[in-house]
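Listed below, chain by chain, are the residues.
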Protein chains: 4
Amino acid sequence: MIIITKPDIAPSAFDAILERIERAGLVAHVSRGTERIVIGCVGDERALEDVPLAALPGVDRVMPVLKPYRLASRETRAAPEATTEVVLGVESGADPCVVGGRALAIIAGPCSVEGREMLHDTAGAVRGAGASALRGGAYKPRTSPYAFQGMGAPGLELLADVRASTGLPVVSEVMDPRQVESMAGVVDCLQVGARNMQNFALLAEVGTARVPVLLKRGLSATVHELLMAAEYVLSRGNPHVILCERGIRTFETATRNTLDVAAIPVLRAETHLPVLVDPSHAGGKAALVAPLAYAAIAAGADGLIVEVHPDPSAARSDGEQSLTFEQFRAMMVHLGAFAAAAGRTMGHVGAGSAARSGVVAGRGALGVALPARSGSRTGGGAAA
Amino acid sequence: MIIITKPDIAPSAFDAILERIERAGLVAHVSRGTERIVIGCVGDERALEDVPLAALPGVDRVMPVLKPYRLASRETRAAPEATTEVVLGVESGADPCVVGGRALAIIAGPCSVEGREMLHDTAGAVRGAGASALRGGAYKPRTSPYAFQGMGAPGLELLADVRASTGLPVVSEVMDPRQVESMAGVVDCLQVGARNMQNFALLAEVGTARVPVLLKRGLSATVHELLMAAEYVLSRGNPHVILCERGIRTFETATRNTLDVAAIPVLRAETHLPVLVDPSHAGGKAALVAPLAYAAIAAGADGLIVEVHPDPSAARSDGEQSLTFEQFRAMMVHLGAFAAAAGRTMGHVGAGSAARSGVVAGRGALGVALPARSGSRTGGGAAA
Amino acid sequence: MIIITKPDIAPSAFDAILERIERAGLVAHVSRGTERIVIGCVGDERALEDVPLAALPGVDRVMPVLKPYRLASRETRAAPEATTEVVLGVESGADPCVVGGRALAIIAGPCSVEGREMLHDTAGAVRGAGASALRGGAYKPRTSPYAFQGMGAPGLELLADVRASTGLPVVSEVMDPRQVESMAGVVDCLQVGARNMQNFALLAEVGTARVPVLLKRGLSATVHELLMAAEYVLSRGNPHVILCERGIRTFETATRNTLDVAAIPVLRAETHLPVLVDPSHAGGKAALVAPLAYAAIAAGADGLIVEVHPDPSAARSDGEQSLTFEQFRAMMVHLGAFAAAAGRTMGHVGAGSAARSGVVAGRGALGVALPARSGSRTGGGAAA
Amino acid sequence: MIIITKPDIAPSAFDAILERIERAGLVAHVSRGTERIVIGCVGDERALEDVPLAALPGVDRVMPVLKPYRLASRETRAAPEATTEVVLGVESGADPCVVGGRALAIIAGPCSVEGREMLHDTAGAVRGAGASALRGGAYKPRTSPYAFQGMGAPGLELLADVRASTGLPVVSEVMDPRQVESMAGVVDCLQVGARNMQNFALLAEVGTARVPVLLKRGLSATVHELLMAAEYVLSRGNPHVILCERGIRTFETATRNTLDVAAIPVLRAETHLPVLVDPSHAGGKAALVAPLAYAAIAAGADGLIVEVHPDPSAARSDGEQSLTFEQFRAMMVHLGAFAAAAGRTMGHVGAGSAARSGVVAGRGALGVALPARSGSRTGGGAAA
């Protein structure tokens, strides 16, 4: 913690600052400049976190030196260079989808689960095209209370059924702390949506779940705040956290949101957690999904979460940004070259049936991981 | 709904659009321009809300004509010019605090409830200076999981105790749908914080409560989205909604947030719901609270919610932006002239003891409301 | 300057940092923390301005301690509490308009000068309602090259004519450094528009002019950058700078821009330069002008610049946000009470003819300035 | 143009709207809805551009149907699918650098020209690594008037000298309309910086120059405004315009700006002009340059403009974001695979000496352009 005083600070005010620092167990290093005094606090500055130093008379600015996220930070890791691999499907017996490994993780599916047939067809199509997990919303956050709010519990059952038949782990959004326990018993990954990134009651609850959490960046959340939200989940005991950049809100109206592609290398430098990108919500239009997906992988993302629908013009939500099966297939074909350029592989392509025959086949197909990526592998449950 | 086609739309695609409009029971009015076709949809366009028109081939843009908020809108009111008055304290027997009347509603108190003595002292001080309700957080949303998270239930008890001794209705933030029922039995107003403005599970739950809801604008929420969030609460049956502008997130770093003072007249034109302003969170510094408060009242706000603490330099949260008792008193004194300039009165000043002597005294002290403001008065429970 | 190192900095890299600091003539104070090293640089840190310390190996962050604006800063003033008064009309013999005095400065007029009659009528109307200067664009910055670009030089002549007949000093926007000299010979104040706030060639040129400069904040400029732009003008020798908050660009689309009302008290604390507000461009709609004007004065602005047109529905630019004469008069009437509440007076109301009778009468009519405001008075030319 | 009325519009106000539309030579199509009236204006809506329809009584909203950029738009092109190729170096006899062809255009060099040796060394290094043009600022826009403002005219001479010895066309920023003529006689491309994107006097002036213009997106400019700025240049007669995305200003502080990578496909769909990306200013840190460059090419950019310096820790400007020679080389090596994945080639690599032997060799080395990209080729002067 560094404290900069106002130019005209009174001696008594200055002494009061020193007193507060020392009371917290830190040592104050004082540099008297020509106009201001700079006080460096040496010791564990977290002891000062709840001390409102900026409210003390004579204080102009207070600047933290250390990162307030500890569990999410690379700095505190034994192997700071490694990315943590989070595995979806460990408990359900689905074909494991590794997020954070050398192979890209591609999670695809409809915005909302709308019925058995559309879900089954979509799962088959995305698996065939190389996706490694299925997304689908049973509970939908909608801006309007009059819009379709999702199928609810029956939607979750459909996800479980389709997982059983296709082997794809399933990801679905949780919106209410009261749903966490029951949803965690069904899905392979709990998605926390952008609007709930700082819903601390929900974060605390998913922090007690045994399944991985896919945490989307809030519309106006800084990278730092995203990491603090992850820290909430990690600090409650759930180490299986996947971060997701999905566009932030800016003044630009040509796109639904502004994909902050630089967040990918920034996160890569700050945290060991894997990072996905959602090009569907970022651009908000089907025509933008592929170029944003290529850009995300080129910038170092560990994979994608993409909206795909049998007939976007009939979708009950997000039709404008959903890909058709054919568009998704075409994107996946082109993605291969970008993945290779980024030193990554396309995970499940063509590995579908093989993966069903044995638990570890899916993992084995990943080949030898790059040394720099061979971090800890986590995925929920005792198996992790 | 207006649909604008792409320049080169195929006849079959054009016919498909018309078919979707007519299937929803609307009539299509077609204007063929030199380059594009414009289709106006006449009828109840809400029937098209779940139709992804923008995903249809050949469609360039889709623009709604009607406002999607119905209950929050002025347009659908019998007396569209009136502001709805929301009354805090109806059920608890506190001195009623009317939000949306001619008298300004000033809600003041500490960020967090930290103990009995500090709360009692603050309540006395703010009441003496003219506040009409007490704020105080028992559950605190904090960016860091390691920061003070509030006293919890014992904090709520302290609020109830202090209400009993001072007559001030109490406002406290609810963060979890599981807390709604119990908190609604204690406090006079449930605050939904900025980070939860689109926590739809929470909005739905407070929509079933009998006490008023103070809904803060999200950090990156448009005015339109704030009204849609209010619509969630209203559509669940709770008509007692107070809106609160508290600053939005922009690129400017000189202040914690950017107070969107224009949101006040914009909301005034769009909705009958009353509008408060939180100058403490908007500016983030004690020195900015008073000028922002004056600006808010000058722009037409119905009142303020302000952080006040016996010793900001010892506050466990938000110390930098909390006013001392003396600073709050000074602000309230100056506020009177701005209130008068805006055609408003300062509510409770000097009415403290009188108000305790009878349930309606507080209201009577408001004098004859301006005709333009004599809207419906709501406040929860049968008494409203 | 404070330098924070990375956790794993090499000793040689650390020594290189110290060497750079000392080579610039400063003294390094080193605090070794548990994880990082903090280096405070004592001395004139401006010597380090062109040293790319952040590019040195092992450096994590560099934070300046001192404000980089010197001439604009309060800190370097002999009387740091005073506001500099900038006077419009000193050289032209117009009735002086003091910006930064106790009386509010109200600059009003059409967006564009469109012809003699409309300008004359508007000048008469705004003067009658209490305005103290006339605005009018001869050169117009327009987003589209196909839109009306202003009357050019003939428009300036019309402004001079109307000044002669009404006594109102005139303000007009300069867009091109080649126009500065000729325009400065005609108008009483050169306006630098928001889009040109960081047009450094233009800033340098108006910095050599003898007339005051009205510098509008850029659409995405921080308060800090606005002060740096003012510093450009001041450092070239022109001390007559007026700052103007006119709304910033955010995600909100309900208004043309977002008025950053908090910038007023922030600027008040940072700089001795006077601060105006442009409620017309901030809100972008006529209905928002008055509430934003009241808010600006309540927050401490020294005055307003407002668009007024004889018939906004026929205006060649900015019709949507221009007030009619009647709307302007009504606003000025209400503004009086807000001015009084803010400890200010309405300047020229009713002082029109008297002011014409002598050069100093206009100033005398301002009454005794508040001690705290009696700063230096500047206005261009030898007379200042 | 579509006009939506307020619910309660008076018949006389409605008639007045129709009268204005018809006076402008358009035909009004009226759709009476249940609550509002929608008026479609059929004809050339540009005739309504200067009519302040939104200021008419009873009008709620006005929405344009057509794009206001005509020359920049794909829609008005004979071959709407083609990208215009802009060639740097046509008049100076440098090795031509084609921007918008199949080969990527990589413009690299120091932020500021600081001296002969550093410029020569940098030119050699970037050419050797595959760059096709040299950047270098002689006039520098700096936030602080006290910072290094560039070498000025001597810097331009150094650029010309280094072009002569290396064959690389040179790009340099122009800040003042008075510099345009002389700079256009020296450099191969005039850069208009982000802060001057809406400096209309400068845009008009470069619109009369014979050399290409590299137009950078403003910090808070929408894609639409960038295209309107290009339209200024095009409408003055200079068809050689290159657009450049360089990051926009948002709330995120982890990066200097936020690279709006989606602007690339959005611009690709809207305009035939080529699009470069500046990853140096977007991220603001050397470590972010490569991942952002890869993302830009993956999203479809036509090339890059990158800051490279012999010793970033000694650079007089932008040291923190400049690459060393070695970093640049490494980036270029990896870029090849991303270029191939995007269907592009790396232009000049290894073609350096050959290109010097004949004027057209550089172009010939590009091979047969893809049919979809074989648009018009422009580059200034008669030779284009």
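Structure: see above.
The shown structure was predicted, so the numbers you read here are calculated from the model rather than taken from an experiment.

Parameters at a glance
- Residues numbered from 1 in each chain as written.
- Chains lettered and ligands numbered in written order.
- Predicted model: local features only at pLDDT ≥ 70, side-chain atom pairs only at ≥ 80, totals over all residues.
- Heavy atoms only, no water.
- Least-squares fit on C-alpha atoms with pLDDT ≥ 70 in both.
- Contact = heavy atoms within 4.5 Å.
- Buried area = accessible area lost by both parts, 1.4 Å probe.
- Salt bridge = Lys/Arg side-chain N within 4 Å of Asp/Glu carboxyl O.
- Polar contact = N/O pair within 3.5 Å; in protein donor to acceptor, adjacent residues only side chain to side chain.
- Helix = DSSP H or I, 4+ residues; strand = E, 2+ residues; numbered from the N terminus.
- Nonpolar A, V, L, I, M, F, W, Y, C, P; charged D, E, K, R; others polar.
- Expected span 1.5 Å × (residues − 1).
- Buried < 20%, exposed > 50% of the residue type's maximum accessible area, 1.4 Å probe, protein only.
- Arc of directions from axis to C-beta.
- Axes fitted to C-alpha atoms, helices over the stretch in contact; angles between N-to-C directions.
- Parallel < 35°, antiparallel > 145°, perpendicular 65-115°, else oblique.
- Left-handed = near helix turned anticlockwise from the far one by under 90°.
- Pairing = 2+ DSSP bridges.

Participant: Any chance you could explain the relation of the copies chain D and chain A here in plain terms?
Facilitator: Note on the chain copies: they are related by a rotation about an axis and a translation along it. For the pair chain D and chain A, the superposition axis carries a translation of 0.0 Å, the fit reaches an RMSD of 0.0 Å, and the rotation angle comes to 180 degrees. Here the symmetry operator amounts to a two-fold rotation axis. Closest approach to the rotation axis among the C-alpha atoms of chain D is made by alanine 295 of chain D, whose C-alpha sits 2.0 Å away. Same-surface contact between copies: 100% of interface residues of chain D are shared with the interface of chain A.

Participant: Before we go on, may I ask you to explain the interface of chain D and chain A in this structure?
Facilitator: Interface size is often expressed as the accessible area that is lost when the parts come together. Every contact between the two is made by 31 residues of chain D and, on the other side, 31 residues of chain A. At the boundary of chain D with chain A, total buried surface from both sides reaches about 2,400 Å², with 79% on carbon and sulfur atoms. For the pair chain D and chain A, the number of links is 2 salt bridges. Between arginine 217 of chain A and glutamate 252 of chain D there is a salt bridge; the shortest N-O distance is 2.7 Å. Applying the counting criterion to the chain D and chain A interface returns 4 residue pairs in polar contact (both at pLDDT 80 or more). Elements supplying a minimum of two residues to the side of chain D that touches chain A: α7 (263-270), α9 (286-298) and α10 (325-341) of chain D. A per-element tally of the side of chain D that touches chain A places α9 of chain D first, with 6 residues. Split into classes, the residues belonging to the side of chain D that touches chain A amount to 22 nonpolar, 5 polar and 4 charged.

Participant: Sorry if this is basic, but what is going on with the side chain of threonine 122 of chain A here?
Facilitator: Position of threonine 122 of chain A relative to the elements: it lies in helix α2 (residues 116-128). Sequence-distant contacts of threonine 122 of chain A, that is, excluding residues within four places in its chain, are made with Gly109, Pro110, Val308, Pro310 and Phe325 of chain A.

Participant: Hey, could you run me through the relation of the copies chain B and chain A in this one?
Facilitator: Rotating chain B by 180 degrees about the axis while translating it 0.0 Å along that axis superimposes it on chain A, leaving an RMSD of 0.0 Å. Mapped onto chain A, 100% of the interface residues of chain B again fall at the interface, so both copies present the same surface.

Participant: It is not clear to me how the environment of aspartate 302 of chain A should be interpreted in this structure. Could you clarify?
Facilitator: Residue and element names in this part refer to chain A. Residue position: aspartate 302 is located in the loop between α9 (286-298) and β14 (303-307). As for aspartate 302 and glutamate 181, which are separated by 121 residues in sequence, their C-alpha atoms are 28 Å apart. A polar side-chain atom of aspartate 302 sits 2.6 Å from a polar atom in the side chain of arginine 344.

Participant: Honestly, the interface of chain B and chain A in this entry has me stumped. Any pointers?
Facilitator: Every contact between the two is made by 47 residues of chain B and, on the other side, 47 residues of chain A. Summed over both partners, the interface of chain B with chain A comes to about 4,000 Å²; 51% of that surface belongs to carbon and sulfur atoms. At the junction of chain B and chain A, the tally comes to 4 salt bridges. At the junction of chain B and chain A, the tally comes to 19 residue pairs in polar contact (both at pLDDT 80 or more). At the level of elements, α5 (200-206) and α6 (223-235) of chain B are the ones that each hand at least two residues to the side of chain B that touches chain A.

Participant: Quick question: what am I supposed to make of helix α3 (residues 153-166) of chain C here?
Facilitator: Working note: α-helix, 3.6 residues per turn, so residues spaced by three or four point in the same direction. All names here are of chain C. For α3, built from 14 residues, the straight-helix expectation of 20 Å at 1.5 Å per residue is met to within 8% by its first-to-last C-alpha distance of 20 Å. All of the buried residues along α3 are Gly155, Leu156, Leu158, Leu159, Val162, Arg163 and Thr166. Looking down the long axis of α3, one finds its buried residues gathered within 155 degrees of arc, a one-sided arrangement. Facing away from the buried side of α3, by more than 90 degrees, are the exposed residues Glu157 and Ala164. The first or second residue beyond α3 is glycine 167, which carries a positive phi of 80 degrees.

Participant: Looking at this model, I keep getting lost on the side chain of arginine 36 of chain C. Mind explaining?
Facilitator: Mapped onto the elements, arginine 36 of chain C comes out in the loop between β2 (27-32) and β3 (37-42). There is a polar contact of 2.5 Å between the side chain of arginine 36 of chain C and the side chain of glutamate 75 of chain A. If near-sequence neighbours (up to four positions away) are discounted, arginine 36 of chain C is found in contact with Val65, Leu66, Lys67 and Glu75 of chain A together with Ile4, Thr5, Lys6, Pro7, Ser31 and Asp60 of chain C.

Participant: Quick question: what am I supposed to make of the packing of α9 of chain A against α9 of chain D here?
Facilitator: Packed helix pairs are characterised by how far apart their axes lie and by the angle those axes make with each other. Between α9 of chain A and α9 of chain D, the shortest axis-to-axis distance is 7 Å and the interhelical angle comes to 155 degrees. As far as their axial angle goes, α9 of chain D and α9 of chain A are roughly antiparallel. Once α9 of chain A is placed against α9 of chain D, the crossing between them reads as right-handed. Between α9 of chain A and α9 of chain D, the contacting residues are Pro291, Tyr294, Ala295 and Ala298 of chain A on the first element and Pro291, Tyr294, Ala295 and Ala298 of chain D on the second. Residue classes in the contact of α9 of chain A with α9 of chain D are distributed as 8 nonpolar, no polar and no charged.

Participant: Can you walk me through unusual backbone geometry in this structure?
Facilitator: Trans is the common state for peptide bonds, and a negative phi is the common state for residues other than glycine. Even without a glycine there, the phi angle at aspartate 318 of chain B is positive, about 60 degrees. Position of aspartate 318 of chain B relative to the elements: it lies in the loop between β14 (303-307) and α10 (325-341).

Participant: Where do I start with the environment of glutamate 35 of chain B in this structure?
Facilitator: For glutamate 35 of chain B, the position within the fold is in the loop between β2 (27-32) and β3 (37-42). A relative accessible area of 32% places glutamate 35 of chain B in the partly exposed class. For the pair glutamate 35 of chain B and threonine 345 of chain B, spaced 310 residues apart in sequence, the C-alpha to C-alpha distance is 57 Å. For glutamate 35 of chain B, the contacting residues outside a window of four places in its chain are Pro7 of chain B together with Arg46, Leu66 and Glu75 of chain D.

Participant: How do you make sense of the sheet that holds β3 of chain C when you look at a structure like this?
Facilitator: Backbone-to-backbone hydrogen bonds join strands into a sheet, with any given pair of strands oriented parallel or antiparallel. All names here are of chain C. Strands sit in the order β2-β3-β1-β4 across an open sheet of 4 strands; the sheet is antiparallel. Looking at which strands have only one partner, the edges of the open sheet turn out to be β2 and β4 (59-63). Each neighbouring strand pair of the sheet contributes to a mean axis angle of 20 degrees, computed without reference to strand direction. Bridging between strand β1 (residues 2-5) and β4 involves 4 bridges; their strand directions are antiparallel. From the neighbouring strand, isoleucine 2 faces β4, where its bridge partner is methionine 63.

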